[in-house]
Every structure is written in structure tokens, then in C-alpha cells.
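Summary of structural features
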Amino acid sequence: MARTIVITSGKGGVGKTTTAAAMAMGLAQRGHRTAVIDFDVGLRNLDLVMGCERRVVYDFANVINGEANLNQALIRDKRCENLFILPASQTRDKEALTLEGVGQVLEELGKTYEYIVCDSPAGIEHGALMAMYYADDALLVTNPEVSSVRDSDRMLGILSSKSRRALQGEEPIREFLLLTRYSPERVARGEMLGLEDVQEILALYMLGVIPESKSVLNASNAGNPVILDQESDAGIAYSDMVARYLGEERPMRFLDPERKGLFSRLFRG
Amino acid sequence: MGLIDYFRSAAGPNKGSASVAKERLRILVAHDRAARDRPFYLPKLQEEIVAVIRKYVAVDNDAVSVNYEQEDSQEILEVNIVLPESPP
Ligand SMILES: Nc1ncnc2c1ncn2[C@@H]1O[C@H](COP(=O)(O)OP(=O)(O)OP(=O)(O)O)[C@@H](O)[C@H]1O
Ligand SMILES: [Mg+2]
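What you see is a predicted model; the values in this text were computed from it and never measured. (Residues numbered from 1 in each chain as written. Chains lettered and ligands numbered in written order. Predicted model: local features only at pLDDT ≥ 70, side-chain atom pairs only at ≥ 80, totals over all residues. Heavy atoms only, no water.)

Quick look at the overall build of chain B
For the record, the criterion: Each helix is a run of DSSP H or I of at least 4 residues and each strand a run of E of at least 2, with the numbering of both proceeding from the N terminus. Any residue under 20% of the maximum accessible area for its type is buried, any over 50% is exposed, and the rest in between are partly exposed; the area is computed with a 1.4 Å probe on protein chains only. Contacts between residues were defined by any pair of non-hydrogen atoms, one from each residue, lying within 4.5 Å.
Across its full length, chain B holds three helices and two strands. Secondary structure elements of chain B occur, N-terminal to C-terminal, as α-α-α-β-β. When burial is assessed residue by residue, chain B has 19% of its 88 residues classed as buried. Within chain B, counting contacts between residues at least 6 apart in sequence, those at least 24 apart form 31% of the total.

Dropping the structure here:
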């Protein structure tokens, strides 16, 4: 049986797709057969972050509508043989995904994959509901900022009332917090909510803190999930996140402001 | 950041905006959570209580307030009915 993990947030632009790509690559690199699905109908993005946009032939909606079979639509990653990508449909029909169709695809994937990572669209409407409905685990991607924290909390309410596990009275979804775009300097200056603040308000298990980092943009420019860049703070932080998800203990890193010499403080730090 | 900015920012207007954010969030989230934990039947219940009371006393729609609270292991449903002043 596969475990289905939804990467969700409520609020848009907080780093869900970046995280889905990193999570899927990280799991696959550790030897787990993993599929990552883009649920963002009409705004296909995951294929770009994964660097496989030119290999897209069929998509998720084609499979649901019976226009292609799953194996025709899945794209095997060129860097890691355990990783497969199912791209979103570019149709404008926001209802292209149905609960029944999504359920069938997940069930079929579940026969041969260990992990299924679902990249949710923003919002709390149809697409986001499709992405979270069948989840076993949920990663709440959150920025240290009022509206993002609030939306994550609202998403928690939705997970505990509208998911399959909730509706069928099964064991609830395991919920994890992932704080992204974290800037220790700004936290130290009292300008940004800190890790403890967010954790206190959402009361969730903290799976990781991903620093604000230039390497994320560089990685998406090149179509490489940032977790492949193990020289970068964000790449390392994502590796830690995957390790923690798999049950390893890893201390949090990159929480302290970079120490700057007096020189750089005087001249543009 | 230059040295002057460095000292200025330590005492500047930004200092503490995170604590304001946290306080606002605390209230917002508590409010959101209370709203979603409320049983779905509350509005209907309130409506029907008003209807029953009206059989006996002429009260306004807002004379009845229904409050729901959840504390650890118990749920409290508080119904408040304000009767019109009786004529002297
Ligand atoms: N840790 C980070 N440091 C710097 N930039 C980041 C970080 N995480 C994400 N970003 C940037 O933020 C933007 C949004 O990221 P991403 O597309 O992953 O968010 P999303 O939540 O999937 O957005 P949407 O809600 O639109 O699907 C991108 O430009 C990405 O490069
Ligand atoms: Mg996205």
C-alpha cells in the first residue's frame, strides 16, 4: 500500500510546488518508488520545476477520461529511476478532476508505488479538495506571515472535516508543518514570526524549516529540484525534511542569523 | 546594512512588528477554530427556540442568543432569553 502525501497550504505562492518536487525527489533518491502528481489544473507548473516539460504527452485528466493509460502519462525522471511525474492538465475546465477519477488513479498507482506526492493548487476549492481528499499525510507549507499561518489553520479544519479519512471515521490524516522562506535575520530583528511563534499557534509537528534562499530560484530556472543542490542551505534543509519524514532525527539547521563581520556590517551587509 | 542603519533598525519602528503579528494571529485563529467547531445545527436551533417562545411571549428575533463553548471534555450550550419588560 502506498502512502499518499498532500502538499497543501490554502495560501498561494508559499512554496508548495518547490516542496512537492523536493519531497518526491528526496524519497526517490532514498530508494522509494515515488510518483508526484500535479493537481493544479490549468496552471501546470510541477513539470517546469522538475525540468520535464518537453516530455509531457498526456496528463492527469487524459488518464481520468480514459484518453490515455497511466503508464503513457507518467514521465520517468531522467536523474532518478524511482521517480515518476504525472503532469496536470492545461484545460480551463476546473472540474476536470473528479473524486472518483482521482481515486481510481491513486488506487492504480498504489499497487506499484510506495509514495504518492500530491502537489495541491492554492485555495480551498475544488482542486485543493481533490488533492487532499485521499491523503494519508499532509504537509502544511507555511510562510512566517499572518495570512499564510491563518490559511494553514483553515486548511487544517478542512483536512479534519472533508477528507476521506475524516468522513469515513478512519484514523485522522497525519499533519506536518513545514515553514518555508524563513529569514533568521528578520526573525532576529523582530520583523518576522519565528519558528516557535508559528509552532505555538498551529501546534503541529515541525517537519522542517526551509530558509529563504536564492538557490530555489536558480534551481527552478534550471528545472532541477532544489534538493539536488546539496551545496545550498535550502537543498540541505529539504534533505533534512525528507529524513525526518522517514523517521530519522535531525536537528534543525539555518535558524541563526549569519554572522557577519564588522566589515560587511559597515559596508552593505 | 550600514552601521547607522544597524543601530537605527534595532530601535526603529519595525522592532516588534512580529509580536503584533503573533498577537493578531492568536486571536484570529482562536476565532476561526471556535467558528468551525460550532455544531452545524445552531442557527436552526436558535430559530426554533424563538418560534416556541413566541407562542407564549412576544419576543424579538434577537431576544434569544445561543452560545456554544467547548472546554476540554465538555461542551456547553448556553441559551439566553431576554423577556420583554412586563407592564407595571
Ligand atoms: N525557500 C525559498 N526561498 C526563496 N524563494 C522561494 C522559496 N520557496 C519558494 N520560493 C519561490 O516562491 C515562488 C513560489 O513558489 P512555488 O511555486 O513553489 O509556490 P506554490 O505554493 O506552489 O505556488 P502556487 O500556490 O501558485 O501553486 C517561486 O518563485 C519560488 O521560486
Ligand atoms: Mg504550485
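So that's the structure; there's more coming.
A word on a negative patch on the surface
Quick note on the threshold: Patch membership requires over 30% relative accessible area and the absence of a salt bridge. Like charges are linked within 9 Å, and nonpolar side chains (Val, Leu, Ile, Met, Phe, Trp, Tyr) within 5 Å. Per-residue and other accessible areas were derived by the Shrake-Rupley procedure at a 1.4 Å probe size, with only the shown protein chains allowed to occlude residues. Salt-bridge detection follows one rule: a side-chain nitrogen of Lys or Arg within 4 Å of a carboxyl oxygen of Asp or Glu. When charges are tallied, Lys and Arg are placed among the positive residues and Asp and Glu among the negative ones, while His and the ends of the chain are skipped. A charged residue contributes its charge at one atom only: NZ of Lys, CZ of Arg, CG of Asp or CD of Glu.
Together, Glu69(B), Glu71(B), Asp72(B) and Glu78(B) make up a negatively charged patch on the protein surface. Structurally, Glu78(B) is set in strand S2 (residues 74–81).

Thoughts on the UniProt feature "domain: CobQ/CobB/MinD/ParA nucleotide binding" (unreviewed entry) in chain A
As a reminder of what qualifies: UniProt positions are given in the numbering used here, feature names are shortened, and annotations may be inferred rather than shown by experiment.
According to UniProt, the "domain: CobQ/CobB/MinD/ParA nucleotide binding" (unreviewed entry) feature falls on residues 5–226 of chain A. Annotated as 41% helix and 19% strand, the span residues 5–226 of chain A places its first and last C-alpha atoms 19 Å apart.

A word on the pattern of salt bridges
All names here are of chain A. A complete count under the given rule lists 23 salt bridges over all chains for this structure. Between Glu191 and Arg186 there is a salt bridge, with the nearest N and O atoms lying 2.9 Å from each other. The structure contains a network of salt bridges with shared partners spanning Arg30, Asp240, Arg244, Glu248, Arg250 and Arg253.

Some words on unusual backbone geometry
Residues and elements named next belong to chain A. Positive phi, close to 50 degrees, is recorded for Ala203, a residue that is not glycine. With respect to the helices and strands, Ala203 occurs in the loop between helix H10 (195–202) and strand S8 (205–211). Relative accessible area serves as the criterion here: at 61%, Ala203 is assigned to the exposed category.

Topic: the site of ligand 1
All names here are of chain A. The criterion, for reference: Near, as used in this document, describes a residue that has one of its heavy atoms within 4 Å of the molecule or strand being considered. N or O atoms closer than or at 3.5 Å make up a polar contact, with two conditions inside protein: a donor-capable atom paired with an acceptor-capable one, and, for residues adjacent in sequence, both atoms drawn from side chains. Using a grid of 1 Å spacing that covers the protein atoms alone, one calls a set of points a cavity when a 1.4 Å probe fits there but cannot get out, and a pocket when the set is open and has protein on both sides within 12 Å along at least five of seven lines; lining residues are those with an atom within 4 Å of a point. Cavity and pocket membership follows a simple rule, namely that a molecule belongs there if more than half of its atoms are within 2 Å of the grid points. We call Asp, Glu, Lys and Arg charged. Ala, Val, Leu, Ile, Met, Phe, Trp, Tyr, Cys and Pro are nonpolar, and the rest, Gly among them, are polar.
Near ligand 1 lie 15 residues; those nearest to it are Gly13, Lys16, Thr17, Thr18 and Ser213. Thr18 is positioned with one of its side-chain polar atoms (N or O) 2.6 Å from an oxygen atom of ligand 1. About the coverage of ligand 1: the protein hides 79% of its 640 Å² of free accessible area. Most atoms of ligand 1, that is more than half of them, are within 2 Å of grid points of the second largest pocket. Contributing elements (two or more residues each) for the shell around ligand 1: helix H1 (16–29) and S8. With three residues, H1 is the largest single contributor of residues to the shell around ligand 1. By residue class, the composition of the shell around ligand 1 is five nonpolar, six polar and four charged.

What about the confidence of the model for chain B?
Residues and elements named next belong to chain B. Quick reminder of the rule: Note on scores: pLDDT gives the predictor's confidence for each residue, bounded by 0 and 100.
The pLDDT averaged across chain B works out to 80; a share of 81% of its residues lies at or above 70. No element of chain B has a lower mean pLDDT than helix H1 (residues 3–11), which averages 51, and none a higher one than helix H2 (residues 17–37), which averages 91. A low-confidence stretch, residues 8–14 (pLDDT under 50), is modelled with five contacts involving residues beyond four sequence positions or located in other chains. For this predicted complex, the interface confidence score (ipTM) comes to 0.83, while the overall pTM stands at 0.86.

With respect to H10(A)
What counts, and what does not: Regarding the arc, it is the one traced by the directions from the helix axis to the C-beta atoms.
For H10(A), the complete set of buried residues consists of Leu195(A), Asp197(A), Val198(A), Ile201(A) and Leu202(A). Along H10(A), the residues classed as buried sweep out an arc of 165 degrees about the axis, all on the same side. Contact partners of the buried residues in H10(A): strand S6 (137–142), helix H7 (146–162), strand S7 (174–182) and S8 of chain A together with H2 of chain B. Looking one or two residues beyond H10(A), the residue adopting positive phi is Ala203(A), at roughly 50 degrees.

Quick notes on the pairing of S8(A)
Residue and element names in this part refer to chain A. To keep things clear, this is the line we draw: Paired strands, as defined in this entry, are two strands with at least two bridges between them according to DSSP.
Counting buried positions along S8 gives six out of seven residues, so the element sits mostly inside the fold. Both S7 and S8 contribute to a ladder of five bridges, which runs parallel. Looking across to S8, one finds that Leu178 is bridged to Gly208.

A short note on the side chain of Asp151(A)
Structurally, Asp151(A) can be placed in helix H7. For Asp151(A), a relative accessible area of 19% translates into the label buried.

What about the nonpolar core?
Inside soluble globular proteins, nonpolar side chains tend to come together where they are buried. All names here are of chain A. Counted only if it meets this: Here, nonpolar core refers to any group of buried Ala, Val, Leu, Ile, Met, Phe, Trp, Tyr and Cys residues whose side-chain atoms link them within 4.5 Å.
Among the nonpolar cores identified, the biggest contains 54 residues, and Phe39, Phe60, Leu86, Val102 and Leu109 are the most heavily contacted of them. Ignoring sequence-local partners within four residues, the contact set of Val102 consists of Phe39, Phe60, Ile64, Leu97, Met130 and Tyr134. Ile5, Val49, Met50 and Leu207 belong to the second-largest nonpolar core, a separate cluster that totals 38 residues.

Some thoughts on the packing of H10(A) against H2(B)
The condition that has to hold: To obtain an axis, a line is fitted to C-alpha atoms, over the contacting stretch when the element is a helix, and the angle between two such axes runs from 0 to 180 degrees between their N-to-C directions. Each angle is binned into one of four classes, with values under 35 degrees roughly parallel, values over 145 roughly antiparallel, values of 65 to 115 roughly perpendicular, and all other values oblique. Take the far helix as the reference: if the near one is turned anticlockwise from it by less than a right angle, the crossing is left-handed, and if turned clockwise, right-handed.
Between H10(A) and H2(B), the shortest axis-to-axis distance is 10 Å and the interhelical angle comes to 15 degrees. Judged by the angle between their axes, H10(A) and H2(B) are roughly parallel. Note that H10(A) runs across H2(B); the crossing there is right-handed. Residue-level inspection shows Asp197(A), Glu200(A), Ile201(A) and Leu202(A) of H10(A) in contact with H2(B), the latter providing Lys22(B), Leu25(B), Arg26(B), Val29(B) and Arg33(B). Counted by class, the contact of H10(A) with H2(B) contains four nonpolar, no polar and five charged residues.

Focus on empty space enclosed by the protein
Residue and element names in this part refer to chain A. Spelled out, the test is: Grid points are joined across faces, edges and corners, and a volume is the space filled by probe spheres set on the points.
Per the counting criterion, the structure on display carries one cavity of 30 Å³ or more. As a volume, the largest cavity reaches approximately 40 Å³. For the lining of the largest cavity, the secondary structure elements donating two or more residues are S8 and helix H12 (233–245). Partitioning the lining of the largest cavity into residue classes produces four nonpolar, one polar and three charged.

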